[in-house]
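Geometric and topological summary
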Amino acid sequence: MLYRLITYLKFLCTSTDQHGVHSPFVFKYLTRGLYIHEDYKASKSAAVLLKSIKYFKVKSICISDKEIEMISLIVEKFPFVIFNTPPYDMVFSDIADWPKIKKEYSESPLFHGNTPIMINHTHKSKQAGGLWKIAASSPEFNVTIDMFWCGLLFPRMEQRKEHFKVRI
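Residues numbered from 1 in each chain as written. Predicted model: local features only at pLDDT ≥ 70, side-chain atom pairs only at ≥ 80, totals over all residues. Heavy atoms only, no water.

With respect to the overall build of the protein chain
Here is the rule: Labels follow the DSSP assignment, with helices taken as runs of H or I lasting at least four residues and strands as runs of E lasting at least two, numbered in each case from the N terminus. Radius of gyration: over C-alpha atoms. The globule rule applied is 2.2 Å multiplied by the number of residues raised to the 0.38 power. Partly exposed describes any residue whose relative accessible area lies between the buried limit of under 20% and the exposed limit of over 50%, with all areas from a 1.4 Å probe on protein chains only and scaled to the type maximum. Residues are treated as being in contact if the distance between any of their heavy atoms lies within 4.5 Å. Only the protein chains shown count as covering a residue, and every accessible area follows the Shrake-Rupley method with a 1.4 Å probe. Under the counting rule used here, the positive set is Lys and Arg, the negative set is Asp and Glu, and His together with the chain ends is not counted. A single reference atom marks each charge: NZ on Lys, CZ on Arg, CG on Asp, CD on Glu.
Each helix and strand in the protein chain was counted, giving six helices and seven strands. Shown N-terminal to C-terminal, the secondary structure of the protein chain runs as helices and strands in the order α-α-α-β-α-β-β-α-β-α-β-β-β. Its C-alpha radius of gyration of 15 Å places the protein chain within 12% of the 15 Å reference for a compact globule of 168 residues. With respect to the principal axes defined by its C-alpha atoms, the protein chain has extents near 40 × 35 × 35 Å. Residues classed as buried in the protein chain amount to 48% of the 168 residues present. Of the contacts formed within the protein chain by residues at least 6 apart in sequence, a portion of 58% connects residues at least 24 apart. In the structure as shown, the protein chain presents an accessible area of about 9000 Å², 60% of it carried by carbon and sulfur atoms. Side chains of the protein chain carry 23 positive and 16 negative charges; the gap between the two charge centres is 6 Å.

Some words on a nonpolar patch on the surface
The condition is simple: To count toward a patch, a residue needs a relative accessible area above 30% and no salt bridge. Like charges then connect within 9 Å, nonpolar side chains (Val, Leu, Ile, Met, Phe, Trp, Tyr) within 5 Å. Salt bridges are defined as contacts in which a side-chain nitrogen from Lys or Arg sits within 4 Å of a carboxyl oxygen from Asp or Glu.
Judged by side-chain polarity, Leu2, Leu5, Ile6, Leu9 and Leu12 come together as a nonpolar surface patch covering roughly 450 Å² of accessible area. For Ile6, the location among the structural elements is in helix 1 (residues 2-14). Accessibility expressed as a relative area gives 40% for Ile6, which makes it partly exposed.

Notes on the side chain of Gln159
Where we set the bar: Polar contacts, as counted here, are pairs of nitrogen or oxygen atoms within 3.5 Å of one another; within protein the pair requires one atom able to donate a hydrogen and one able to accept it, and residues that are adjacent in sequence qualify only if both atoms are side-chain atoms.
Structurally, Gln159 can be placed in the loop between strand 6 (150-154) and strand 7 (162-165). Separated by 3.1 Å, the side chains of Gln159 and Glu162 make a polar contact.

So, the pattern of salt bridges
All chains considered together, the criterion is met by seven salt bridges. The shortest N-O distance in the salt bridge between Lys77 and Glu76 comes to 3.8 Å. Given the relative accessible area of 34%, Lys77 is considered partly exposed. Residue classification places Glu76 among the exposed positions, given a relative accessible area of 56%. The salt bridge partner of Arg160 is Glu162, with a shortest N-O separation of 3.7 Å. Look at Glu162 and you get buried, because its relative accessible area is 16%.

A closer look at the side chain of Ser52
Along the chain, Ser52 turns up in helix 3 (residues 44-56). Excluding residues that lie within four positions of it along the chain, Ser52 makes contacts with Tyr29, Leu34, Lys57, Val58, Met90 and Leu152.

If you want it as structure tokens, here you go:
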């Protein structure tokens with residue numbers, strides 16, 4: 001608990017909003033996707049997931065069957081989205097499953113070249129924070145967005161490697 005509080009305070013000191021972002025791709029995602037006022041009455045991670053599904057026009061999402069609450073929210077708001085049927089337009093995973101997701105992402109044709117990965121609970125514990133740092137530094141992902149509660153990884157090979165810390 002204390003770890004998370006200290007980590008959150010450090011995050012607040014080093015994070016920004018859309019005005020501190022110098023990537024047109026990330027700026028557009030923030031201003032037209034995440035910062036659009038749409039009250040989903042859900043946790044911060046769930047709201048980010050729902051807004052991302054809408055913004056990226058996700059049709060197929062790879063998500064663990066353990067994520068019953070998230071699946072229910074998606075079905076309620078986006079009944080057209082299909083689950084765990086490739087090719088995936090987005091991946092949603094808990095940080096604890098990062099090693100498995102990374103292996104599947106690297107070795108599988110089930111993902112197209114722009115499939116973003118949303119990682120939940122990125123700073124839940126010291127171990128989770130360490131896994132998030134490993135995920136964000138992976139060479140397969142050039143754009144990473146840390147939102148404290150969750151994070152997004154984008155392949156975007158046309159863009160130089162950048163890491164953003166954004167308040168939501």
